[in-house]
Amino acid sequence: MNTESDRANLGWVPASGHQLRMAGVHFDAVRVDGEVGRDLADLMERLTGGRPGPVIVEANGRRSTYFLVPPGSTGHRPWPREAERLTGGPGRVSYVLVPALYGWTWPLSWRCVPTPDGHLVHALLLRNALAALLATVGRAVPGTVRPFGG
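What counts as what
- Residues numbered from 1 in each chain as written.
- Predicted model: local features only at pLDDT ≥ 70, side-chain atom pairs only at ≥ 80, totals over all residues.
- Heavy atoms only, no water.
- Buried < 20%, exposed > 50% of the residue type's maximum accessible area, 1.4 Å probe, protein only.
- Helix = DSSP H or I, 4+ residues; strand = E, 2+ residues; numbered from the N terminus.
- Pairing = 2+ DSSP bridges.
- Core = buried A, V, L, I, M, F, W, Y, C linked by side-chain atoms within 4.5 Å.
- Contact = heavy atoms within 4.5 Å.
- Phe/Tyr/Trp six-rings, centres within 6.5 Å; stacked < 30°, edge-to-face > 60°.
- Axes fitted to C-alpha atoms, helices over the stretch in contact; angles between N-to-C directions.
- Parallel < 35°, antiparallel > 145°, perpendicular 65-115°, else oblique.
- Left-handed = near helix turned anticlockwise from the far one by under 90°.
- Nonpolar A, V, L, I, M, F, W, Y, C, P; charged D, E, K, R; others polar.
- pLDDT = per-residue confidence, 0-100.
- Salt bridge = Lys/Arg side-chain N within 4 Å of Asp/Glu carboxyl O.

**Description of the pairing of strand 4 (residues 65–69)**
Now for step 1: The buried fraction of strand 4 is high, at 5 of 5 residues.
Now for step 2: Burial along strand 4 is two-sided: Thr65, Phe67 and Val69 facing one way and Tyr66 and Leu68 facing the other are all buried.
Now for step 3: Bridge count for strand 2 (residues 28–32) against strand 4 is 5 bridges, and the pairing is antiparallel. Note on strand 4: the bridge partner recorded for Val32 is Thr65.
Now for step 4: Here strand 3 (residues 55–58) pairs with strand 4 via 3 bridges, running antiparallel. Across the sheet, the residue bridging to Val57 is Thr65, located in strand 4.
Now for step 5: Hairpin connection between strand 3 and strand 4: a loop of 6 residues separates the two successive antiparallel strands, and Gly61 in this loop has a positive phi of roughly 60 degrees.

Laid out in structure tokens, this is it:
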């Protein structure tokens, strides 16, 4: 991912440090705080053979995990309360702090780096994986599909 052609496809990733990016332009995001977010990232990596799409982790504060999903893909379905949808649209503006691929970006880092092909996290798979994860700890979401036959 060090070639100029690769960087051209990732124009929303800053060259250094981190920058705010408006949700709804290149991606929306789903934020899940704490260990649930980390566990969800683990599960998404297992479900996708190590390629879930871009995932950002925060080392301090709420220790949030941000899953970058296609713009507009989180609507029309209920999400568990543990998931905060960061989207753009009429009357709504959200921003996501995006780290550079290399260098000093603390407290943010890439758990799963973006790829030049533009692959993002599959929102429905993410939602169902979160519901399944919460069900294993007794916090199932009413009306949510239980994807693993449970």
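**Side note on the nonpolar core**
Nonpolar side chains in soluble globular proteins tend to be buried together.
Now for step 1: Grouped together as the largest cluster of nonpolar side chains are 20 residues, with contacts concentrated most on Val32, Leu40, Phe67 and Leu126.
Now for step 2: Secondary structure elements with two or more residues in this core: strand 2, helix 2 (34–47), strand 4 and helix 3 (123–136).
Now for step 3: The element contributing the most residues to this core is helix 3, with 6 residues.
Now for step 4: In this view, Val32 contacts Gly37, Leu40, Arg63, Ser64, Thr65, Phe67, Glu82, Ala83 and Leu130; residues no more than four positions away in its chain are not counted.

**Here's the deal with the packing of aromatic side chains**
Now for step 1: For the structure on display, the rule yields 2 aromatic pairs.
Now for step 2: For the ring pair Trp12 and Trp110, a centre distance of 6.3 Å and an interplane angle of 65 degrees mean the geometry is edge-to-face. Taken together, the residues span a long stretch of sequence, with Trp12 in the loop between helix 1 (4–8) and strand 1 (18–22) and Trp110 in strand 7 (residues 108–112) at a distance of 98 residues.
Now for step 3: Judged by relative accessible area, which is 8%, Trp12 ranks as buried.
Now for step 4: Look at Trp110 and you get buried, because its relative accessible area is 12%.
Now for step 5: Ring pairs connect the aromatic residues Trp12, Phe27 and Trp110, which therefore count as one cluster.

**Points about the packing of helix 2 against helix 3**
Now for step 1: Two numbers describe how helix 2 lies on helix 3: the axes approach to 10 Å, and their chain directions differ by 120 degrees. Judged by the angle between their axes, helix 2 and helix 3 are oblique. Our pair here, helix 2 against helix 3, has a crossing hand that is right-handed. Side by side, helix 2 and helix 3 meet where Val36, Asp39, Leu40, Leu43, Met44 and Leu47 of the first sit next to Leu125, Leu126, Ala129, Leu130, Leu133 and Leu134 of the second.
Now for step 2: Per-class residue counts for the contact of helix 2 with helix 3 are 11 nonpolar, no polar and 1 charged.

**Structural notes on the confidence of the model for the protein**
Now for step 1: Summarising the model, the protein shows a mean pLDDT of 88, and 85% of its residues fall at 70 or more.
Now for step 2: In this model, residues 1–8 is a region of pLDDT below 50 whose contacts with residues beyond four sequence positions or in other chains number 12 contacts.
Now for step 3: Within the model, pLDDT remains below 50 along residues 141–150, and this stretch shows 13 contacts once partners closer than five positions in the same chain are excluded.

**Side note on the pattern of salt bridges**
Now for step 1: What the rule picks out here adds up to 7 salt bridges.
Now for step 2: A salt bridge links Asp42 to Arg111, with the shortest nitrogen-to-oxygen separation between them at 2.2 Å. Note that Asp42 is positioned in helix 2 and Arg111 in strand 7, a separation of 69 residues in sequence.
Now for step 3: Residues Asp117 and Arg51 are paired through a salt bridge, measuring 3.4 Å at the closest nitrogen-oxygen approach. With Asp117 in the loop between strand 7 and helix 3 and Arg51 in the loop between helix 2 and strand 3, the pair connects residues that are 66 residues apart, well separated along the chain.

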